[in-house]
Structure formats: structure tokens, C-alpha cells
Amino acid sequence: MPLSRLAALYGVATSYSPSPDRTVPASDAAVVAALTALGVAAGTPAAVRGSLAARETELRERLLPPTVVCWTDADADEADGAAEADSDAGADSDSDSGPESASADHGPGAAVGGGGAAPEDDPGTAASADAPSDAPSGGPPGGSLLEAALAALPVGTRLRVRTEQGEVRESVERLPVGVHELTATAPDGRIARAHLVVAPARLPAPEGRTYGLLVQVYSLLSRRSWGMGDLGDLTELTTWAGRALGAGFVQVNPMHAAVPGAPTDPSPYRPSSRRYPDPVYLRVEDIPEFAYVDENDRERLLALLVRARELRGSVLDEGALIDRDAVWELKREALELVRKVPLGPGRRAAYCDFLAEEGEALEDHATWYALAEVYGSDWTRWPQGLRDPRSAETARARAELMDRVDFHSRLAWLTDAQLATAQRGARDAGMPVGLVHDLAVGVHPGGADAWAQQEVFAAGMSVGAPPDAFSVQGQDWGLPPWRPDRLAESGYAPYRRLLRALFRYAGALRIDHVMGLFRLWWVPQGRPATEGTYVRYDAEAMLAILALEASRAGALVIGEDLGTVEPGVRETLQEHGVLGTSVLWFERDWDGTGLPLPPESWRADCLATATTHDLPSTASRLTGDHVELRDRLGLLTRPVDEERAEAAADVGEWLALLARLGLLQGAAGGVSEQSEEAEIQAVHRFLLRTPARLVGVWLPDAVGDRRPQNLPGTWDQYPNWRLPVADAEGRPVTLEELAASPRLHALMDVLRGGSGGAPGPSA
């Protein structure tokens, strides 16, 4: 069918498989909507035929795709060093440290080509001979491996490369890592240019094995917090955990800038901007200018500190929920006062350097926040002229609001600096990894990124998930997806800038829903999630950019790959060094007995944990509290007795395995005689028996917290993202109390091997 053919040429799926033995067709309406969002006319049969003919002609006649990828065995530092050495030694050097797919046939001045364009029936991403046979395929024709792209060129085509470092070369051999410009000139005079991504084939790997803490920063209050955890608290946590507990990392929630409003959406996974951090996390007292606030403003500042203490007390001592809006109101007033203090010469120079380095991206970000103060936090409702960040009206408004633009630029600088301080503190405390930051799937459609980067977002679409056994109605996350074609045309510039910004203060990056590097479920706005379809991305290019930026930062990458995963995705991620995520309760022999997976059968390349922010705490699961909570909120779809029985059986099977392995330490070694605390310790002894390279402890588990931070499927029924870390009775626990908690130290002794449980291999 013409529509199916057209969809295939743009990476739009016409069916999906919720399970290996079942295929569900996507509706024509969903396919047409996705194509329309990609700028393809497909609303009528005639439009489909015209678009199909145009696309086939384009693919047949083009010399190069917009972006091509070349993998190298060298890491970023080695490849850059080899390039410099090659430049010094001249073109006669026979070092083989360059890209593996750049063979001698493509040497200096050589003409290349394999006899013509790729076959019309294979316009998607080309696969190399050494790619895994089960790797996902059928991506959009937006990129390919270099070897395949060169083979498809007409015989006699000549190449020229302008490298990221400024060199001009007549060959693709021995190129340094980076994003370069490749020019191909065919014998008939046609010229094509493409972005050439040269990246290390594997990301950095952990040095040995380490363990660490997982925490939602806002939930970690100290006696110095202003009503929610902040970057001062995070710095204290990392320094203490590294020095006193021997922890190797601290994983945090996304620190992305939120959409302002009353009330602010508390979810850190639906931000205004993923590139810039949220200033609500600033520790105001740690800003150097705080100490020099003018006498006239000192009294106001002290009054704000009193109100902050009251707000903190309401959460810690009176059972109030974390109120970001109240916290931000106090901090904003204080930051306005602190901003009056002139920056010293060194600080001024540092701020100017930050402005210059960030350039237009920061100007756009700060402009959106300044405009949001006047017109509200949804740019689609602003006056027409202001909806375009490049319009004359926006330029005039920016000039008129320059003081506010500078204020929000200053906040980005200050927050960036405190995040960098937290990471330095972690590394100085001996952590081999340090901070593990979290990258959300997308951004709010009315926020700063969606406004500033409209050209790379698919208008009228939202990211979600198709119907499955866990959500029969599917999911709509309300996040506009990136357009794969626009990413490829730009050489993945928005993606590169985003990763570079996050890696600046990260020892590792967790990528939420890492399967989104391969494909995303697009849902037309106004339609149910069941009426969506998958749109594929060029995973080769997405992974190459990720490997390039992570290697340059010397950082690890952890992919959240829970749930239904397309065949071949985990294998491809592992091949390139992306660690997976393994949660104990999900690790069963699904292809065999269905019983809990023994520790030796777990994968090594992963972060192994007992739970996450979206799941019940370990204490809640062990006691069955999570079933009772969902029953109280009316979320169960079966009788509560059935849910209780299934949950108890699940836990019972795991406890039985722990007992057989000798990990439960009780008076008589029986399951029924274990305390909840002992069972939690046993769970973590089990994680140490696996070969997992990273083992994570959900910080609330260390004090017996029973409340999940987020309960999927709820909004007003449950206080998602607004709970402080608490003990088994629900009493909030401060950072200072955590540091002195015997229960926490007993659990961490398990991680250090002090309470038995042989750790898995270190490599």
C-alpha cells in the first residue's frame, strides 16, 4: 500500500507488537498524523502518492544522508591524541588508531564509491557487517554508518572532511573523534554535505565495582533547608556518603528547570528545560554575595530566613507536604536581594564567561522565563509575535525585559556552579563516579525548550506508550517528541548541547526510557494513547553522540530499560557500553520457570537495585503496604484479596531464595522469624551476589520508609513528588538524623561486606 510504503520511508510504524506472539496494526489516522508532524502531506490518496514519489526520488538521487556515523576503537582522549600526533607526523604515518571503517581504500586523494545509490527497497539506516544480527533496524533514512554511505556513492566520488578541530582532509582515514563536515563530489558534479560523527565504539566502563545511594533531592531535608532538599544538602550527602560510607555514587532525580506557576507541576520528569537546572535547588546562603547584602536589605533577608525556618519546620515537624511554590517564593525574594550585591572582578569575569559559552541557548532560556513572568508559563498562549523566539517582537520584548533576562541568566549560572561544587565534593570524598544525573524523556510543551527549539519538535504530537498488560489504555506523557529528520539535518546539535550541559557536572548519566533512542510512541494530541504509533530514530547516530559526549566527559551512562523492550535493544546498548537497570522484583526466569532469577544469572553491565522512585519501597513491598495503599485509593482492578495473595506469593518466593542462599540471618534461619530490617539487608546481600557493576540503595529503604515518592496513575489522589524521606512510622528524617541512624549504618555495613554475602565479580 502506498501509505505503508511512505510511512516506512520516514520511519513511521504501521504496526507494533505488545508481545512476541501478537502484532497490532496502527490506525491509518495515527500514521497520517505522524507523517503530517514530520512535514509530509498524507491526508489524501493523491497526497500520499505525490509524497511517495517525491521521497523515492530524493532518496535515489541524494549522495549522502544528512548524518553519517563512524565508530572508532579509541576513546575520546586517545583518538584526539592520535589525531594530533598524525597531524604532526604527516600523512605517511601508518598508525591504526583511527576509525575502523575508514579503510585504506579511502586514503588521501582516493576516489570512492560502490557503483551507485542504495537500493530503493532499503532506504533506512544501513547496517554494518559487524552489527549484531538482532539489532533493531528499519530506522528513518536520516543517517547510516559511514562504510555503507561510502559504498553507495557513485564510482569516482571524491571526499573532503573539515574536522571539528578545523583541519581539512582529503580522506576519512584516521579522523579524530568529533562531529565533522563531510563533503562528497560526484563525477557528474553533484555535491553533498553531511555531518560525520566519529565516536568511540564503547562508552567508559566502571572501574571495578561500586555501590551508592539513590535519592530524590527535594525529599532530603536538613536543618538548613528552606522547606525542601537543596544543593547544599546534596553536597553534604555526597561528601558524607563518600567519606563515611565508602559509597561510589549518588543518583539523583532530574534537576531540570521546572515550569513556573501556581501550582508548579511537582514532577521532575516534565520540565520546562532539560538543558538548564532548576534554581529552586539553590542554597541561597552558599552564594558568595549573600554575606555582603546591604544593611538596608539585611532585615528583609533575615525575615525571609525566619519564614524559611517555619516552612522547614512545617514539613519536618508538622506533617506538611513539600511546597515548591512556597519555597521558590522565599528563595526568589532572597535572590533578588542578593543580586543587588555587585559581583567582584573575578566573579564578574566568570559570569561573563558563562554567558559567552552558553550564548543564544541561555539567552532564549532566560528570555522565556522573563516573558513567562508577564504573559504566563505557556508560550502557545502568548501574543502571536512572541511565540517566535526569532521575531522582531521578541527581540523588542527582550530588550525591554533585559533586567529580568539577566536575573534568570544569573540563576542558571549560580545553579550550575553549585551543581559543579556538589560533583567536586563527591570526587574529593573519594567517589569514583560521584553524581549520577537523570535525563527526563522530554519537556513540557509550553516550556522554554519547546519555545526556543520549535523547529526540532513534532507539532501536535505527544510521547507515550502503547497499550500493554500493565496499562490497557496506553499512556500519554504530554511531552512533545523530537523530530528525527530535523535532528539528523542539524547533526544532532540540540542533543549534543543537552548532553554536554548535563555531563558538565555528572560522573554518570541515567537516561529515562532509554528505548527512546531507538523509537518513541507518538500520540496525536486530542486522541487516546491507543491511537498512536511508533516513530523510529536513528539509533546509530543517537548512540554515537551519546558515546562521544560521555567519553569526552569520562562519564558512565545508565539506561533505564525496564518494562517491554524491543528485541535487540538491550544487546545494542550493551555492545556500546550503556549499562542497564535491573530491579530485583522484576528479575525472574521469564522464559523458563518464572521463579526469581538466581544471582549468578543476572547481567553484569547494569545498576542493580531493590526499587526505584516509581515503585513501592522495599519495606512496603515486604509488608504488603503497597497493596493496601492502592486499595485505599481505589486503584485496584481486581479484588483486594487476590492482590494481597499475589503480592505475598511474590515476596514469599524471593524470601525463600534468600533463605536458601543463607542471606537471611534469623534465630532459626526461618523466613517467618525475620524482621523487616533483616529482610531488607538480605535483599541487598543478594544484590551483592550478582555480577552487577553498580549496586544502588534507595535511600528511604535505609530507614524503613514505606511511602513511594511517586504512585503512577495518580494525580490528586496521592502526594507525588512532595514527600520527605521518612522512617517506618512516617516521621520525616533529616539528613543529620540519617547520618546518625543505626539502621542506615547497619545496611551500609552490608554493602561494605561487613555483614556477609560474597560480592560478585568486579569486572
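Below, the structure is looked at part by part. (Residues numbered from 1 in each chain as written. Predicted model: local features only at pLDDT ≥ 70, side-chain atom pairs only at ≥ 80, totals over all residues. Heavy atoms only, no water.)

1. Some details on the side chain of Ser 409
Heads up, the condition is: Secondary structure elements follow DSSP: runs of H or I of four or more residues count as helices, runs of E of two or more count as strands, with numbering from the N terminus. Pairing of N or O atoms within 3.5 Å defines a polar contact, subject to two protein rules: one partner must be a possible hydrogen donor and the other a possible acceptor, and residues neighboring in sequence count only if both atoms are side-chain atoms. Whether two residues are in contact is decided by their heavy atoms: any pair within 4.5 Å suffices.
Secondary-structure assignment places Ser 409 in helix H11 (residues 402-428). One polar contact links the side chain of Ser 409 to the main-chain carbonyl oxygen of Val 405, over a distance of 2.9 Å. The residues contacting Ser 409, other than those within four sequence positions of it, are Tyr 351, Phe 354, Leu 355, Leu 362 and Ala 366.

2. A closer look at the sheet that holds strand S18 (residues 519-524)
This is how the line gets drawn: A strand pair is defined by DSSP finding two or more bridges across the two strands. Lines fitted to the C-alpha atoms define the axes, with helices restricted to the stretch that makes contact. Angles between their N-to-C directions range from 0 to 180 degrees.
One open sheet accounts for 4 strands, arranged S16-S15-S18-S19; its pairing is antiparallel. Each end of this open sheet is capped by a strand with a single partner; those strands are strand S16 (475-479) and strand S19 (533-536). Between one strand axis and the next, the sheet turns through 50° on average, direction left out of account. When strand S15 (residues 461-465) meets S16, the two strands line up antiparallel, connected through 3 bridges. Paired with Ala 465 across the two strands is Gln 475, which belongs to S16.

3. As for the environment of Thr 611
Take Thr 611: it is sitting in the loop between strand S22 (606-609) and helix H17 (618-623). Sequence-distant contacts of Thr 611, defined by excluding residues within four places in its chain, comprise Leu 214, Val 583, Pro 616, Ser 617, Thr 618, Trp 698 and Asp 701. A polar contact of 2.6 Å, which involves the side chain of Thr 611, links it to the backbone oxygen of Pro 616.

4. Remarks on the packing of helix H9 (residues 345-375) against helix H10 (residues 392-400)
Filter applied, for reference: Angles are sorted into four bins: roughly parallel if under 35 degrees, roughly antiparallel if over 145, roughly perpendicular if 65 to 115, and oblique for all others. Gly is put with the polar residues, along with every residue not named as nonpolar or charged; the nonpolar set is Ala, Val, Leu, Ile, Met, Phe, Trp, Tyr, Cys and Pro, and the charged set is Asp, Glu, Lys and Arg.
The geometry of H9 relative to H10 is characterised by a closest axis approach of 10 Å and an angle of 80° between their N-to-C directions. Taken together, H9 and H10 sit at an angle that is classed as roughly perpendicular. Contacts from Glu 363, Asp 364, Thr 367 and Leu 371 of H9 reach H10 at Thr 394, Ala 397 and Arg 398. When grouped by side-chain class, the residues that make up the contact of H9 with H10 number 2 nonpolar, 2 polar and 3 charged.

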